Amino acid sequence: MADHSHSETNPVTSTPHGEASPGTGEAAVRGVAPAADPKQPVAYVLAEYSTPEALVKAARQVYQQGYTKFDAHSPFPIHGIDDAMGIKFTRLPWFTFFAGGLGIITATLLIYFTNKEWYPYLISGKPLFSIPSAAPVMFELMVLFAAITTLFGMLALNRLPLFTHPLFQSTRFQRVTNDKFFLSIDARDPKYKSEKTIQLLTGLGAEYVETCHKEASAPLPWAFRTAVFLGLLLAMVPVSMVAWKRSTYSREPRIRVIFDMVSQPKKKTQTTSTLWQDGRAMRPWVEGTIAKGELKADDAFYRGLKPGGLNAVAATTVSMTNLVANQDGAAAPATPAAPATPPDPLDKLPWIEDFPLEVTPELMKRGQERYNIYCATCHGLGGAGNGLVSIRAIELAEGTWVPPVTFHSEGLRKQPIGRMFHSISNGVRKMPGYGDQIPERDRWAILLYVRALQKSKYAPLSDVPPEKVNQLTDVAP
């Protein structure tokens, strides 16, 4: 095919492969450019257009002719080119959607089998599996699966990565990022016929048409293959060393390349030390000493005991030991008696009856706030033992939950305030001690609010201020 305005140049001839090939003359404005390797079969036919309107018109005609494997190339997006080419909506969102669903299912099954089947640890009557607790992991895996699938799905649908392309053989195609517009038809298209396709593109106003041939496959250079092999071999060295170190034992310290905060100048629990003669890093208590600021000599405030209460604690412990031990020389009983409940040694301690600090409205308000944070979950807002955790545990009926006592029982209403302080600090029955979490002053504030709850349930009407009486009765003023 030759350009109608320059018919004397670049005649089109036939090659042994049955494809159009240029003559020996100079390439015309509209014709077939010399191929990089004419012995290779044609891969693409490339047509050049000068305006985006011409490219859109050519793309629409090519699509209407039944071509499906073609593409348009432009230095900027062109409105309407997708419809002209008949491009359908991408399948990538479906890949992302199903991958996100797979991430949710994976997280759900992982948490279910880990918490409920493989390691069923019951903690405070909480369910072994619940959707709200699994939601963060489900969300994270959904995002992870969807993001990875979107990335690799995009690469697969675009057949990437491509390190070269037949269109790069064309020197004119380099202007596609500047001021020219191109339309390429894949030679694998069922409608592709060499001369017929070239005539179609020329008739659609192409300023220049050329064929791009497939590149001849050549083996990789020996030096490159050797470098890749040596690189892979060297990459296995650190992996092998890590595997070897993890499967063997050594008395030498581990090698730290990046220290950060992993290795610190301190001694950890149950480690050795050369600083002390016995070689132990953990030091026993030094008799007769106490850490600075940890004396806590006020028995009433720190332990709920009357002055000298620590001596009473030691004496009670000794008496309880003698009580439970068998006395030497005692005769065995003739008949077995029913086991009696051993007395509680805490009942004999000198507990204080009054608060060891000044009672103020601010302390009461602080106690209500701390009570709602630490105590209401089990004991309930009113102290009746009907907190949300307790209600849920009773509904599950798993047999391991011990319901909390109500603060309105006669035993707790008459119990010394110091004994209640001991229960909060050290725990009682299933309730753990809160001495490490709640400061002493806040513990007393909580007990002040508990006393207020107890009094509110059994207080006579005469204790209520006159202006508040109408709020508690149905009698009109």
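Residues numbered from 1 in each chain as written. Predicted model: local features only at pLDDT ≥ 70, side-chain atom pairs only at ≥ 80, totals over all residues. Heavy atoms only, no water.

This next bit is on a nonpolar patch on the surface. Taken together, Ile105, Leu109, Phe113, Trp118, Tyr119, Tyr121 and Ile123 make up a surface patch of nonpolar side chains, about 820 Å² in accessible area. Tracing the sequence through the fold places Ile123 in the loop between α3 (92–118) and α4 (131–157). When its relative accessible area of 52% is taken as the criterion, Ile123 is described as exposed. (Patch = residues over 30% accessible without salt bridge, like charges linked within 9 Å, V, L, I, M, F, W, Y side chains within 5 Å. Areas by Shrake-Rupley, 256 points an atom, 1.4 Å probe, with all protein chains shown as cover. Salt bridge = Lys/Arg side-chain N within 4 Å of Asp/Glu carboxyl O. Helix = DSSP H or I, 4+ residues; strand = E, 2+ residues; numbered from the N terminus. Buried < 20%, exposed > 50% of the residue type's maximum accessible area, 1.4 Å probe, protein only.)

Our next topic: the packing of α3 against α4. The contact between α3 and α4 brings their axes to 7 Å, and the two run at 145°. Relative to α4, α3 is oriented so that their crossing is right-handed. Contacts between α3 and α4 involve Leu92, Phe95, Thr96, Ala99, Gly100, Leu102, Gly103, Ile104, Thr106, Ala107, Thr108 and Ile111 on the former and, on the latter, Ala134, Val137, Met138, Leu141, Met142, Phe145, Ala146, Thr149, Thr150, Gly153, Met154 and Leu157. Considering only residue class, the contact of α3 with α4 consists of 16 nonpolar, eight polar and no charged. (Axes fitted to C-alpha atoms, helices over the stretch in contact; angles between N-to-C directions. Left-handed = near helix turned anticlockwise from the far one by under 90°. Contact = heavy atoms within 4.5 Å. Nonpolar A, V, L, I, M, F, W, Y, C, P; charged D, E, K, R; others polar.)

Bringing the sheet that holds strand β5 (residues 181–186) into the picture now. Strands sit in the order β4-β5-β3-β6 across an open sheet of four strands; the sheet is antiparallel. The sheet terminates laterally at β4 (70–73) and β6 (208–213), the two strands that pair on one side only. The average angle at which neighbouring strand axes cross in this sheet is 20°, direction not considered. Judged from the six bridges that link them, strand β3 (residues 42–49) and β6 form a sheet pairing that is antiparallel. Counterpart to Tyr44 in the pairing with β6 is Cys212. In this fold helix α1 (residues 52–64) packs onto β3, β4 and β5, with an angle of close to 20° to the strand it touches most, β5. (Pairing = 2+ DSSP bridges.)

By secondary structure assignment, the location of Gln454 is in helix α14 (residues 440–458). Looking at Gln454, its side chain comes within polar contact range of the side chain of Arg451, at 2.8 Å. (Polar contact = N/O pair within 3.5 Å; in protein donor to acceptor, adjacent residues only side chain to side chain.)

Counted under the stated rule, the structure contains 14 aromatic pairs. Plain terms: the ring middles of Phe173 and Phe182 are 5.3 Å apart, the flat faces sit at 65° to each other, and that makes the pair edge-to-face. Accessibility assignment for this pair places Phe173 and Phe182 in one class, buried. Through pairs of rings, three or more aromatic residues link up here, namely Tyr112, Phe113, Trp118 and Phe129. Sitting over the face of the ring of Tyr208, Arg172 holds its NZ or CZ atom 4.2 Å from the ring centroid. The aromatic ring of Tyr458 is capped on one face by Arg413, whose charged end is 4.0 Å from the ring centroid. (Phe/Tyr/Trp six-rings, centres within 6.5 Å; stacked < 30°, edge-to-face > 60°. Lys NZ or Arg CZ within 6 Å of the ring centre and 35° of its normal.)

Evaluation of the coordinates by the stated rule reveals 15 salt bridges. Of the charged contacts, one joins Asp186 and Arg188 as a salt bridge, the two residues approaching to 2.7 Å between their closest N and O atoms. For Glu440, the salt bridge identified is with Lys296, shortest N-O distance 3.3 Å. Of the two residues, Glu440 sits in helix α14 while Lys296 sits in the loop between α6 (222–247) and α7 (299–303), which places them 144 residues apart along the sequence. Under the relative-accessibility criterion, Glu440 is labelled buried at 15%. Lys296 sits in the partly exposed class, given a relative accessible area of 31%. Each member of the salt-bridge network shares a partner with another, and the members are Glu48, Arg172, Lys180 and Glu207.

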